[in-house]
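Listed below are the residues making up each chain.
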Amino acid sequence: MKVDIHAVNFSVDKKLIDFIQERMDKLEKFYDKVVFSDVFLKLDNTSEKENKVVEIKVQVPGDEFVVKKQCKSFEEGTDLAIDSLERVLIKRKEKVK
């Protein structure tokens, strides 16, 4: 699956990119018709500890799904967002059948 990772106003390290790519590749088990996906990593300028925002946009034929999660770390946000996407893609697959 083609995954574009965009880090807004900071540079992302290779470990995080590999982690996100690996987790996104697992989505193909649930729905194999994903065209592409964009992952946006943002830092909120707040004093809260949960200032990391992960937004994942997944394009499938005829539809687009967007999931946004805010957590303490990008890894945790990615896990939560991908868990939500798994549920959405499973529903989509059942609806298409």
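Presented here is an overview of the structure given in this document. (Residues numbered from 1 in each chain as written. Predicted model: local features only at pLDDT ≥ 70, side-chain atom pairs only at ≥ 80, totals over all residues. Heavy atoms only, no water.)

1. Considering the sheet that holds strand 3 (residues 52–60)
For the record, the criterion: In this analysis, strands are considered paired if DSSP registers two or more bridges between them. Strands are runs of DSSP state E lasting at least two residues, helices are runs of H or I lasting at least four, and both sets are numbered from the N terminus onward. The axes are straight lines fitted to the C-alpha atoms, using for helices just the contacting stretch, and the angles between their N-to-C directions are given from 0 to 180°. Throughout, a contact is declared for two residues whenever any of their heavy atoms are within 4.5 Å.
Spatial strand order, 1-2-3-4: four strands in an open sheet with mixed pairing. Looking at the sheet topology across the chains shown, the edges are occupied by strand 1 (3–7) and strand 4 (63–71). On average, each strand axis in the sheet is inclined to that of its neighbour by 15°, with strand direction left out of account. The sheet contact formed by strand 1 and strand 2 (residues 36–43) spans five bridges and is parallel. In the strand pairing of strand 2, Ala7 is matched with Leu41. Across the face of the sheet, helix 1 (residues 14–25) comes into contact with strand 1, strand 2 and strand 3 while running at roughly 140° to strand 2.

2. Focus: the pattern of salt bridges
The condition that has to hold: The term salt bridge refers to a pairing of a side-chain nitrogen on Lys or Arg with a carboxyl oxygen on Asp or Glu at a separation within 4 Å.
The full count for this structure, using the stated rule, is seven salt bridges. A salt bridge links Asp79 to Arg23, with the shortest nitrogen-to-oxygen separation between them at 2.9 Å. Taken together, the residues Asp79 in helix 2 (residues 74–96) and Arg23 in helix 1 connect sequence positions 56 residues apart. Its salt-bridge partner being Arg92, residue Asp63 comes within 3.3 Å of it at the nearest N-O pair. Of this pair, Asp63 sits in strand 4 while Arg92 sits in helix 2; the two residues are 29 residues apart in sequence, bridging distant segments of the chain. Each member of the salt-bridge network shares a partner with another, and the members are Arg23, Asp79 and Asp83.

3. Considering the side chain of Glu55
We count it as follows: When a residue's accessible area, from a 1.4 Å probe over protein chains only, is under 20% of the maximum for its type it is buried; when over 50% it is exposed; and in between it is partly exposed.
Structurally, the position occupied by Glu55 is in strand 3. Using a relative accessible area of 15% as the deciding quantity, one classes Glu55 as buried. When neighbours within four sequence positions are excluded, Glu55 is seen to be in contact with Asp38, Val39, Phe40, Lys42, Val66, Val67 and Lys68.

4. As for the side chain of Ser37
Tracing the backbone through its elements, the reader meets Ser37 in strand 2. Apart from residues no more than four positions distant in its own chain, Ser37 is found in contact with Met1, Lys2, Val3, Asp4, Met24, Lys57 and Val58.

5. A short note on the packing of aromatic side chains
Defined as follows: A pair of aromatic rings is counted whenever rings of Phe, Tyr or Trp (Trp by its six-membered ring) have centres within 6.5 Å, and the orientation is called stacked for planes under 30 degrees apart, edge-to-face for over 60 and tilted otherwise.
A complete count under the given rule lists one aromatic pair for this structure. An angle of 10° between the planes, with centres 5.3 Å apart, marks the rings of Phe10 and Phe74 as stacked. Taken together, the residues span a long stretch of sequence, with Phe10 in the loop between strand 1 and helix 1 and Phe74 in helix 2 at a distance of 64 residues. Since its relative accessible area comes to 23%, Phe10 is described here as partly exposed. According to the relative accessible area criterion, Phe74 is buried, its value standing at 7%.

Note that every value here comes from positions in space, so none of it alone points to a role or purpose.
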